[in-house]
Amino acid sequence: MKNFFSNLPEQVKRLSILLVIIIIAFIVITSFLVPKDFGLIGHYRASAVQNNANVKLQYAGQEACADCHDDVWKNKLQGFHKNLACEVCHGPSAQHVDAPDQFKPQKPRDRNFCPICHEYNPSKPTGFPQIISTSHNPRKACITCHKPHNPTPPQTPKECEACHGEIAKTKSLSFHAEIACTKCHETSEKHKLSPRDNLPGKPTKREFCGQCHAQDVKSAPDIPKINLATHEPRYVCWQCHYPHLPEAQ
Amino acid sequence: MENNLIQIDKKVERRSFLKKLAVVALAPLTVRILASDDVKLKKVKKWILDNGYIPGDHKWGMGIDIGKCIGCGRCADACKNENGVPREPFFFRTWVERYNIYENGDIKVDSPNGAIDGFEYIPSKNKMLRSFFVPKICNHCDNPPCVQVCPVGATFKSEDGVVLVDTDYCIGCRYCIQACPYGARFLHPEKLTAEKCTFCYHRIVQDKLPACVEVCPTQTRIFGELNKKASPLVRFLRMNKIGVLKPSLNTEPKVFYANLDMEVK
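Reading guide: rules and limits
Residue numbering note: each chain is counted from 1, following its sequence as written. Ligands are numbered from 1 and chains lettered from A, in the order in which they are written. Restriction of local features to residues with pLDDT of at least 70 applies here, the model being predicted, together with a cutoff of 80 or more for giving and counting side-chain atom pairs; totals for whole chains, interfaces and linings are based on all residues. Going along the chain from the N terminus, every DSSP run of H or I of four or more residues is numbered as a helix, and every run of E of two or more is numbered as a strand. The globule rule used here is 2.2 Å times the number of residues to the 0.38 power, and the radius of gyration it is set against is calculated over C-alpha atoms. Every C-beta atom is placed from the backbone, and the number of other C-beta atoms within 10 Å of a residue's own sets its class: buried at 20 or more, exposed at 12 or fewer, partly exposed in between. Placing C-beta atoms from the backbone, we regard two residues as in contact once those atoms come within 7 Å. Note on pairing: two strands pair once DSSP finds at least 2 bridges between them. To get an axis, a line is fitted to the C-alpha atoms, and for a helix only the part in contact is used. The angle between two axes follows their N-to-C directions and goes from 0 to 180 degrees. The split into domains, and so the bounds of each, comes from an automatic or database assignment of domains. Residues are sorted three ways: Asp, Glu, Lys and Arg are charged, Ala, Val, Leu, Ile, Met, Phe, Trp, Tyr, Cys and Pro are nonpolar, and all the rest, Gly among them, are polar. Under the definition applied here, buried Ala, Val, Leu, Ile, Met, Phe, Trp, Tyr and Cys residues are grouped into a nonpolar core through C-beta atoms within 7 Å. What pLDDT reports is the predictor's confidence in each residue, on a scale of 0 through 100.

Trainee: Account for the overall build of chain A, with residues named and values stated.
Mentor: In terms of regular secondary structure, chain A is built from 12 helices and 0 strands. Reading the helices (α) and strands (β) of chain A from amino to carboxyl end gives α-α-α-α-α-α-α-α-α-α-α-α. A globule of 249 residues ought to have a C-alpha radius of gyration of about 18 Å, yet chain A, at 38 Å, is considerably larger. Principal-axis analysis of the C-alpha atoms gives chain A an extent of 135 × 45 × 40 Å.

Trainee: How would you summarise the overall build of chain B if you had to cite specific residues and measurements?
Mentor: Helix and strand counts for chain B stand at 8 helices and 13 strands. Expressed as a percentage of its 265 residues, the buried residues of chain B come to 37%. A separation of at least 24 residues holds for 62% of the contacts in chain B among residues at least 6 apart in sequence.

Trainee: For the sheet that holds strand S6 (residues 128-137) of chain B, give the residues involved together with the corresponding values.
Mentor: All names here are of chain B. On the basis of which strands lie adjacent, the open sheet formed by 3 strands has the order S5-S4-S6 and antiparallel pairing. Two strands close off the open sheet at either side, each with one partner strand: strand S5 (107-110) and S6. Between one strand and the next, the sheet's axes are offset by a mean angle of 20°, whatever the strand orientation. Sheet contacts for helix H3 (residues 74-83): strand S4 (94-102) and S6; angle to S4, the most-contacted strand, approximately 160°.

Trainee: Quick rundown of the sheet that holds strand S3 (residues 60-65) of chain B? Include the residues and the values.
Mentor: Strand pairs in the sheet, formed through backbone hydrogen bonds, run parallel or antiparallel to each other. All names here are of chain B. Here we have 4 strands laid out as an open sheet, ordered S11-S3-S13-S12, and mixed in their pairing. Only two strands of the sheet have a single neighbouring strand rather than two, namely strand S11 (221-225) and strand S12 (242-243). Where helix H8 (residues 232-239) meets the sheet, its contacts fall on S3, S11, S12 and strand S13 (255-258), and the angle it forms with S11 comes to roughly 120°.

Trainee: Could you give an account of the pairing of S3(B), with specific residues and numbers?
Mentor: All names here are of chain B. Taking burial as the measure, the 6 residues of S3 include 6 buried ones, the bulk of the element. Burial along S3 is two-sided: the residues Trp-60, Met-62 and Ile-64 and Gly-61, Gly-63 and Asp-65 are all buried. In this structure, S3 lies alongside S11, joined through 5 bridges in antiparallel fashion. Note on S11: the bridge partner recorded for Met-62 is Phe-223. Alignment of S3 against S13, held across 4 bridges, turns out to be parallel. Pairing of Met-62 across the sheet is with Val-255, part of S13.

Trainee: Go over the domain arrangement of chain A with me, naming the residues and quoting the values.
Mentor: Accessible area lost on assembly of the parts is the figure often given for the size of an interface. Taken domain by domain, chain A holds domain 1 (2-53) and domain 2 (204-249). Look at where the C-alpha atoms of domain 1 of chain A and domain 2 of chain A centre, and you get two points 91 Å apart.

Trainee: Pulling in residues and values, what's your account of the environment of B:Lys125?
Mentor: All names here are of chain B. For Lys-125, the location among the structural elements is in the loop between S5 and S6. Classification of Lys-125 as exposed rests on a count of 6 C-beta atoms within 10 Å. Expressed as a C-alpha distance, the spacing of Lys-125 and Pro-232, which sit 107 residues apart in the sequence, is 43 Å.

Trainee: Residue-level account of the interface of chain A and chain B, with values.
Mentor: Contacts between the two partners involve 36 residues from chain A and, on the opposite side, 43 residues from chain B. Every element with two or more residues in the side of chain A that touches chain B is listed here: helix H3 (47-53), helix H6 (86-90) and helix H8 (115-118) of chain A. Tallying contributions element by element places H3(A) first for the side of chain A that touches chain B, with 7 residues. Considering only residue class, the side of chain A that touches chain B consists of 18 nonpolar, 12 polar and 6 charged.

Trainee: Would you mind going over the nonpolar core in detail, with residue names and values included?
Mentor: Counting residues in each nonpolar core, the largest one holds 73 residues, and the members touching the most others are B:Cys75, B:Ala76, B:Val96, B:Leu164, B:Tyr201, B:Cys212 and B:Val215. Residues within four places of B:Val96 in sequence aside, it is in contact with B:Cys69, B:Gly71, B:Gly73, B:Cys75, B:Ala76, B:Ser111, B:Gly114, B:Ala115, B:Phe133, B:Val134 and B:Pro135.

Trainee: Help me get a handle on the confidence of the model for chain B, residues and values and all.
Mentor: Close inspection of predicted coordinates is inappropriate for parts of the model with low pLDDT. Residue and element names in this part refer to chain B. Residues at a pLDDT of 70 or more form 84% of chain B, whose mean pLDDT is 88. Contacts of residues 28-41 to residues separated by more than four positions or lying in other chains number 10 contacts, the stretch itself having pLDDT below 50. Interface confidence for the predicted complex, given as ipTM, is 0.79, next to a pTM of 0.74.

Trainee: Any chance you could break down the environment of B:Ala194 for me, citing the residues and the numbers?
Mentor: All names here are of chain B. Tracing the backbone through its elements, the reader meets Ala-194 in strand S10 (residues 194-195). Its 25 C-beta neighbours within 10 Å are what place Ala-194 among the buried residues. In this structure the C-alpha to C-alpha distance between Ala-194 and Ala-154, which are 40 residues apart in sequence, comes to 9.3 Å. Excluding anything up to four places from it in sequence, Ala-194 contacts Thr-155, Val-165, Cys-170, Gly-172, Cys-176, Ile-177, Arg-185 and Leu-187.

Below you can see the structure in the form of structure tokens.
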């Protein structure tokens, strides 16, 4: 053995010392640089699993909603939206669970929201309820007819429409879509049997429209209001406004 | 760190216990060592998270029923809300594709803004044969190519089967983005680290559903355990004809598709 080392050429001795130094330096440096938990459960930092789990929650989950809003929850369970999570429409609401008064979840009430799912698209599976929003009661907010928590479509009476289809079609697209025919036209049951002998009534006075549209009555704020005394007092309303499509010029 | 390692008494399985009990009962003269070893409880080390979640006890997967997807894009939107994914239309952890297959064999696939703004109907001279939506997400492969190529060990398959990224350790070399055959990864424009779906890891450790599964209005997405018989996912796998994306690559995805069309890649 002694012979072996003494017979080694000088350069090999020096190089081997260098090699040993490099190996020791490598071991020392890696022990400092490689995190302690690296390789504990696999070829990765074990605490990275915890890091991934530490992200803040944004969606609380529908069980959290049901804890407080059990009335809405029970109502929703009975309708077509029973499988729809609350936060689909109301947006991420984990903050609302933490601080109910400070953070209020969104309430989408305009016409743009429901068609995200319900707009007609031929790629959608058959059977999914779809509408074409440009012709389905335009300008009306969806929630005037459909309750979002139990969205069964409203029953429209077909009685008048059977004969007065054109008027019904026109009215269904107008601001007056929700007003029943009989609100303005007093109609006796006999009108159905012999229509010409029992004509329905028509409002004749300005005050009739004024029930909703006069300045001093209490009606929904989005209904346009006028002053009955100064707004063209010589005419009756229908001479300028067509009641079945009041927005027409 | 080391506190997260706990000792758990692993119970001897009932079947093997009974077998060996029978051996002991029937042959009392057999060598004693056989019996004495069995009754001992084996000590096993397990990694545990701060809230008591043990990754080794779970194996997560997802089922997607293409026949139910309406392409509303709520999943992609919720994913961005939940995980703080940049809002620009190039970064998605999950997204929805529309497949238009025409009678002359043409296939058009599009995903405008990951379906978050919905799909416009595209008129075409060709007659449509069939059309449908396909939600896409990281497949959480059991044999993940992205993990193989990472030079620093910053992306890994966790013990519960979820492929995660260690953002503190990632050097942003983009090898994993290149390696993923499903295009499920991207580079975060500000952090400059690789980003991907984590099955909403922070949610599943709290026993909550991933955000995309939570908000899906038609129950297109099913999430659950793969090796527990009572899980909704196992039921989904039992009740449907199942396919995975690019099975020829042997990545063994853990995202399973029902009603998968052969054109879907």
